[in-house]
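Residue-level structural notes
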Amino acid sequence: MISLGAYLGISFILFICGIMVMIARKNIIAILLGIELILNASALNFAAYTKFVNGNLEGHIMALFIIITAAAESAVGLGIVIRFFQLRESIHIDDASTLQN
Amino acid sequence: MNSTVVSYLSQSNEFQNIHAWLSKALGFDASSLMAFVIFAIVALIIVGVMATIGGAGTYAERKISADLQARVGPNRVGPFGLLQFLADGVKMILKEDIITTNADKFVFNLAPVMCLVGVFATLAVVPYSSGFILADLNVGIFYLVGMASLVGVGVFLGGYASNSKWSLLGGMRGASQIISYEIPATITIISIVLLAGGLSMKTLIGAQGGGMQDWFILHNPFAFIGFFVYFISALAETNRAPFDLPEAESELVSGYHTEYTGMKFGLFALAEYIEVFVVCGVAVALFLGGYNVPFDLGTGALFSKSLGLDSMLSQNIGQLLQLGAFFTKTLALYYVVIWVRWTLPRLRVDQLMTLCWKYLTPIAIFNLLGCAVWMYAFDGKSIFALIMAATAGGGAHH
Amino acid sequence: MFANTLFLLSAVLTLAGAVLVVYSQNLMHACIYLLASLFGVAGLYACIGADFLAATQLVVYAGGVIILMLFAIMLTGGTGNRTNKYGLEKIPAMGNKKTFMIAAFAAIVSALIVIKVTIPVFQNNKNLIVAANAPTVERIGTLLATDHILAFEISSVMLLGALIGAAVISRPRKEIHD
């Protein structure tokens, strides 16, 4: 039951869900949720390949860096969201249509 | 690989007999079935004992506060009011379960459960004794930190879902306080991990000894400061006074659980009291020698050698001694927590954040660096070992 | 058998959480479902013996990212205009039928691409060696401090930059309303 195919399938569905959330939602925070799903799907793939293809833990290191990047990304992203809300009183992504004020 | 309560029990003859009998009766290797049954039973025991400790915590809190304020405290139900917490529990179960009209019902019901799950999941790696630990994961303390942070989510969601301004303020305060104080607590834990050289609870405790001079709190000056940093952060993380801003009665009614009634409120209270026990247990395991008993009595080798007892029996006696050592230290710290609560006044929010970000976090980082330098400079020897070596060397010189 | 049970539970949690993140119309609920999904992923890591990875997942996501998300949701709770600057009605924040149709189309396209890429993996995975589960903490620590030291240092600098950057970006300024 625990096989490479199962893991790739799960990460595939996670990835598709993330894509759908990113495209369907117009709320910036909801889009960030979708990005988290996609990053998790890729990290899961790396870990699964480490287990089932070669046992040398490079995949775990890669997954760790993905998690670190996701944390940094969400911190900066949410900072931008909060600043954007202070300026426009909205977090609708269509309101983010100008580069300068 | 990971030692558990099952691997301890499997040393006994009875276990082998039952295993052989079951394997014969069922026709397959029954070891995983027995492991599952033993895990289930031990987990039930631990949950039961911890629920009792959480309940008894409320009783102890009221008795000790009464003592500190020269009152009598609960004394009607049972001898010395000992059954007060049972009466409280029955009252909470029988109370009406109110959900406010505009509450977010899904989140409202989920929040207390999330708090409780976060706390009970940490109990799996709390080291009660060398044999009686549910799972000695090799990421033990790291897992504990991760699971305990679920409590913050629960508090936050409880505050949000009630749809009341007291709850909202309490939930915001609680979450910001918990994630802020996680930082000094975790950095201090990392400095102890550095001294012990491993993340699993057995490694952390095995690096210490039974005598006071072998504890990590007296290992070097940085670890000594680290204990207090950890203890203050743990107080703040469990929302105990003087950091009980999320549930400050005088300003926020009672914070994030203002709108909760009946058993859901009971679950929040239970989670808080058990979390206090868990953080005290972690402080004991990291700094105060854990379950170690002086003179290596915990292994039971001395009993079987000097008294001629059966090896399993003497090992069991050793385990009981270790359990006693762990619970004595932990409950002593528990007393200190309650004592602090009824002694110190509450902080303001800005003072709370100043304490965390301007004092505790830099001190914790300094301690981490100090521990690393100490390990490098003195080869990991404790300060007592250095003093002993110096005096022994001096004696030889004369 | 227990490993299989744990795997099934984690997989169901992961997939149900992910699908509900797509389905849910309430942002707060979507955030909670995301937490469930991330816990499921941690369980999946535990199933293949990636113990350190599972614990890191718990610490970073449950303790950090999700609470940050919840904070951001609470701090940006305003309503905003329903129309854009041309006076046209905006698409609702959590999407409507049209956006979901486009999303489903994009999902199908990317699914076809991913399946096309991964077909060779399923065709010739007969001679794979499955590594036994072993404690990974020490080996990961050694790898991070030797082979991957540059990436490790760069990621620490990146985290510091993210910390300072987030604080600088989101701090309130005097002239908020331009």
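First, a word on scope: everything that follows refers to the structure included in this document. None of these values were measured; they are calculated from a predicted model.

**Section: the overall build of chain B**
Looking only at helices and strands, chain B features 16 helices and zero strands. Over its C-alpha trace chain B gives a radius of gyration of 23 Å, about what one expects of a compact globule, namely 21 Å for 398 residues. Seen through its principal axes, chain B has C-alpha atoms that stretch 70 × 65 × 40 Å. Put simply, chain B has 398 residues, and 46% of those count as buried. For chain B, contacts bridging at least 24 residues in sequence account for 78% of all contacts bridging at least 6.

**Quick look at unusual backbone geometry**
In terms of backbone geometry, most residues other than glycine have negative phi values and most peptide bonds are trans. In this structure, leucine 57 of chain A is a non-glycine residue whose phi angle is positive, near 65 degrees. The backbone of alanine 70 of chain B shows a phi angle near 55 degrees, a positive value even though the residue is not glycine. You can see alanine 70 of chain B is positioned in the loop between helix H3 (31-68) and helix H4 (84-94).

**Thoughts on the interface of chain C and chain B**
With 20 residues of chain C at the contact, the number on the chain B side is 26 residues. Going through the elements one at a time, helix H2 (27-47) and helix H3 (51-75) of chain C are the ones with two or more residues in the side of chain C that touches chain B.

**Some points on the interface of chain A and chain C**
Listed as interface residues are 62 residues of chain A and, on the opposing side, 80 residues of chain C. Counting only elements with at least two residues in the side of chain A that touches chain C, the list comes to helix H1 (4-24), helix H2 (28-52) and helix H3 (58-88) of chain A. Of all the elements, H3 of chain A adds the most residues to the side of chain A that touches chain C, at 21 residues. Classifying every residue of the side of chain A that touches chain C by side-chain character gives 44 nonpolar, 11 polar and seven charged.

**Quick notes on the nonpolar core**
Counting 189 residues, the largest nonpolar core has Ile29 of chain A, Ala283 of chain B together with Cys31, Ile66 and Met69 of chain C as its most contacted members. Of all the elements, helix H12 (residues 262-287) of chain B adds the most residues to this core, at 18 residues. Here this core spans two domains, since at least three of its residues come from each of domain 1 (1-74) and domain 3 (134-173) of chain C. Those residues in contact with isoleucine 66 of chain C that lie beyond four places of it in its chain are Val153 of chain B together with Cys31, Leu34, Leu35 and Tyr61 of chain C.

**Notes on the packing of helix H6 (residues 140-148) of chain B against H3 of chain C**
Their axes nearest at 8 Å, the elements H6 of chain B and H3 of chain C cross at an angle of 25 degrees. Comparing the axis directions of H6 of chain B and H3 of chain C gives the class roughly parallel. You can see that H6 of chain B and H3 of chain C cross each other, and the crossing is left-handed. In contact with Phe142, Tyr143, Val145, Gly146 and Met147 of chain B of H6 of chain B, H3 of chain C contributes Ala55, Leu58, Val59, Ala62 and Gly63 of chain C. Residues of the contact of H6 of chain B with H3 of chain C, tallied by class, amount to eight nonpolar, two polar and no charged.

**Considerations on H3 of chain B**
Along an α-helix, residues three or four positions apart point the same way, because every turn accommodates 3.6 residues. Residue and element names in this part refer to chain B. Taking 1.5 Å per residue, 38 residues should reach 56 Å; H3 reaches 53 Å between its end C-alpha atoms and fits that length. Residues of H3 that are buried include every one of Gly54, Gly55, Gly57, Tyr59 and Lys63, and no others. Residues of H3 that are buried sit in contact with H4 and H12. Phi for alanine 70, located one or two positions after H3, is positive at around 55 degrees.

Calculation criteria
Residues numbered from 1 in each chain as written. Chains lettered and ligands numbered in written order. Predicted model: local features only at pLDDT ≥ 70, side-chain atom pairs only at ≥ 80, totals over all residues. Helix = DSSP H or I, 4+ residues; strand = E, 2+ residues; numbered from the N terminus. Rg over C-alpha atoms; globule rule 2.2 N^0.38 Å. Buried ≥ 20, exposed ≤ 12 C-beta atoms within 10 Å, placed from the backbone. Contact = placed C-beta atoms within 7 Å. Nonpolar A, V, L, I, M, F, W, Y, C, P; charged D, E, K, R; others polar. Core = buried A, V, L, I, M, F, W, Y, C linked by C-beta atoms within 7 Å. Domains from an automatic or database assignment. Axes fitted to C-alpha atoms, helices over the stretch in contact; angles between N-to-C directions. Parallel < 35°, antiparallel > 145°, perpendicular 65-115°, else oblique. Left-handed = near helix turned anticlockwise from the far one by under 90°. Expected span 1.5 Å × (residues − 1).

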